[in-house]
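For reference, the chains in residue letters:
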Amino acid sequence: MRMRWFLQNPIKTSLTLNLNLNINNIIRSISFGGLVPYSLSSSSSSRSSMAAIHNEAGPARRFWIKFSRESIFSMYTPFAICLASGNLKIDSFRHYIAQDVHFLSAFARAYELAEECADDDDAKLGLSELRKAVLEELKMHDSLVQEWGLDLAKEHSINSATVKYTDFLLATASGKIEGLKGPGKLATPFEKTKIAAYTLGAMTPCMRLYAFLGKEFQELLDSNESTHPYKKWIDNYSSDDFQASALQTEDLLDKLSVSLTGEELDIIEKLYYQAMKLEIDFFSAQPLFQPTIVPLTKGHNPAEDHLVIFSDFDLTCTVVDSSAILAEIAIMTAPKSDQNQPEDQIVRMSSSDLRNTWGSLSKQYTEEYEQCIESILPANRLESFDYKELSIALEQLSKFENTANNRVIESGVLKGINLEDVKRAGERLILQDGCTNFFQRVVKNESLNANVHVLSYCWCGDLIRSAFSSADLNELNVHANEFTYEGSVSTGAIVKNVESPIDKVQAFRIILKNCNDDKKKLTVYIGDSVGDLLCLLEADVGIVIGSSSSLRRVGTQFGISFVPLFSGLVKKQKEYIEGSSSDWKGLSGILYTVSSWAEVHAFILGR
């Protein structure tokens, strides 16, 4: 059981102990300075840094961060993966170029209209420069047309996704925005300036997205790769000039937004978000004339195939570790040292003693866990992946987890926790952004024929079930440890179902064995820690979310390769042969890393 937290900035025990009123305080205190998950110390500081960026940056930067999920969905479209890999069929690229010409022509016109509305000389000059940059971009398209002998006049007519964006952009630039006055009725130059800001709100995300994609694709090119057919396209959007144009657009948006009201900034945010969604539609609408590696479920046939998705819970699905939440519930509901306890109730420690005991247990766990990890590492990094040696090593970690759990049970710190308090905490548990939406899309789609199993070290499965139930995810199968109760009050004992890496992989195998059908199974495991390693490796696709240093250290020493998911998909697309099947299979020694659930969602399901 991962007891990955330590005591920091103790919460005053004078807080009201009525969980009906203060369960939100428990969650908040854990997240912002109470019981902090041990392995999240770096992630917590990262979230603080992101919060600082959000508070200090201008609207353009804030919106890009807020809607980064949409940029991931654009990057993971089959068209983008094929383009980055270099094996995109030329017919697809021809169609894309023809559509992009319409796209860029609308951009140039929108910059022109925004320049007419701006009342600041510097802003007018900046908009003029950006319009000229778009015209240069159109010249780049002309060179591509000549290079490949394309005839845009004979190419496909403008498609609906392109029309939707260009109509949206030009309507915005003309002041036709819901709830606003028409441009002919604008009373003052300041009101016209707002239209310039709104127009940039609809253009900035496209500029930043292309700059982002250009850089991402450029990083995957070999340093000596000159044969990539779309290198000129990649070079253009990753170039310093284009990156500067994207930044200039963002700076202008910030400048034109300075004097706007909160309501007007909300309008810009909505326009920004709408533009991002229309960009996903644009990339998704590009026709493909080849098999693709994404999304994973593209060739899924529910009559013949069975998708089984496994996931860890603590710090994979959650923002904080469940042991921290259970600890805080125990402390906040425990009696004070001077309180008499009813004779007919389970005798509990006082809140102050309980806090001290939790602190000692946590410190001991942290120190011994690090020692255990050090002891299981081979002296020298293995040249090739060795699953057997890794399994033997993780048996030692399993013994450690068992000893740590026994210590917790014997201490009595889990006594007296009320089941209703656990459920309320679960209902308010903060899950990782995108996690809930992904699982909902999986289990609510009957045509997928998919099952989701959560394998967790959590001491109390009721906490997990309550967290997912509050998101209408009762279909998820939860495999975890369980509290024992007298009535609705915990006795302090734990039913040990899943407390170690060995337990997890055994549960994984049993679940697959009990799938009583003869359908072809595709398994995915999503996890974040050393305890997930064996399951991650046995699954057809193992996805590591987060940045656990101990997981990387152990995995690397045993010959495991950690590959960023996007670059792994681009590589597979390069190697993908028409008519062949995807070679996703377990025990390859390769695990794929992601930074968010958006990547998991985009890869497995697409949009």
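Relevant structure appears above.
Remember, predicted model here, so these are calculated numbers, not experimental data.

**Digging into the pattern of salt bridges**
Part 1 of the reasoning: On inspection of all chains with the given rule, the structure shows 25 salt bridges.
Part 2 of the reasoning: Between Arg 553 and Glu 374 there is a salt bridge, with its nearest N and O atoms 2.3 Å apart. With Arg 553 in helix H21 (residues 549–557) and Glu 374 in helix H14 (residues 351–376), this residue pair connects regions lying 179 residues apart in the sequence.
Part 3 of the reasoning: Classification of Arg 553 by relative accessible area gives partly exposed; the value is 31%.

**Section: the side chain of His 95**
Part 1 of the reasoning: By the element assignment, His 95 lies in helix H6 (residues 90–117).
Part 2 of the reasoning: Judged by relative accessible area, His 95 falls into the buried class, the value being 7%.

**With respect to the environment of Glu 427**
Part 1 of the reasoning: Within the element layout of this structure, Glu 427 appears in helix H16 (residues 419–427).
Part 2 of the reasoning: In this structure the C-alpha to C-alpha distance between Glu 427 and Ser 469, which are 42 residues apart in sequence, comes to 7.6 Å.
Part 3 of the reasoning: Reaching out from Glu 427, the side chain makes a polar contact with the side chain of Arg 428 at a distance of 3.5 Å.

**Things to note about H16**
Part 1 of the reasoning: Among all positions in H16, only Leu 419, Asp 421, Val 422, Arg 424, Ala 425 and Gly 426 are buried.
Part 2 of the reasoning: For H16, the N-terminal capping position is held by Asn 418, with its side-chain oxygen 2.8 Å away from the main-chain nitrogen of Glu 420.

**Considering the sheet that holds strand E7 (residues 482–486)**
Part 1 of the reasoning: Taken together, the three strands give an open sheet; going across it, the order is E4-E8-E7, and neighbouring strands pair in antiparallel fashion. Only two strands of the sheet have a single partner each, and these edge strands are strand E4 (415–418) and E7. Put simply, the sheet's adjacent strands are angled 55° from each other on average, direction ignored.
Part 2 of the reasoning: Bridge count for E4 against strand E8 (residues 489–495) is two bridges, and the pairing is antiparallel. Bridged to Asn 418 within E8 is Val 489.
Part 3 of the reasoning: The sheet strands contacting H16 are E4 and E7, and the helix crosses E4 at an angle near 55°.

Each value, and the rule that gives it
Residues numbered from 1 in each chain as written. Predicted model: local features only at pLDDT ≥ 70, side-chain atom pairs only at ≥ 80, totals over all residues. Heavy atoms only, no water. Salt bridge = Lys/Arg side-chain N within 4 Å of Asp/Glu carboxyl O. Helix = DSSP H or I, 4+ residues; strand = E, 2+ residues; numbered from the N terminus. Buried < 20%, exposed > 50% of the residue type's maximum accessible area, 1.4 Å probe, protein only. Polar contact = N/O pair within 3.5 Å; in protein donor to acceptor, adjacent residues only side chain to side chain. Pairing = 2+ DSSP bridges. Axes fitted to C-alpha atoms, helices over the stretch in contact; angles between N-to-C directions. Contact = heavy atoms within 4.5 Å.

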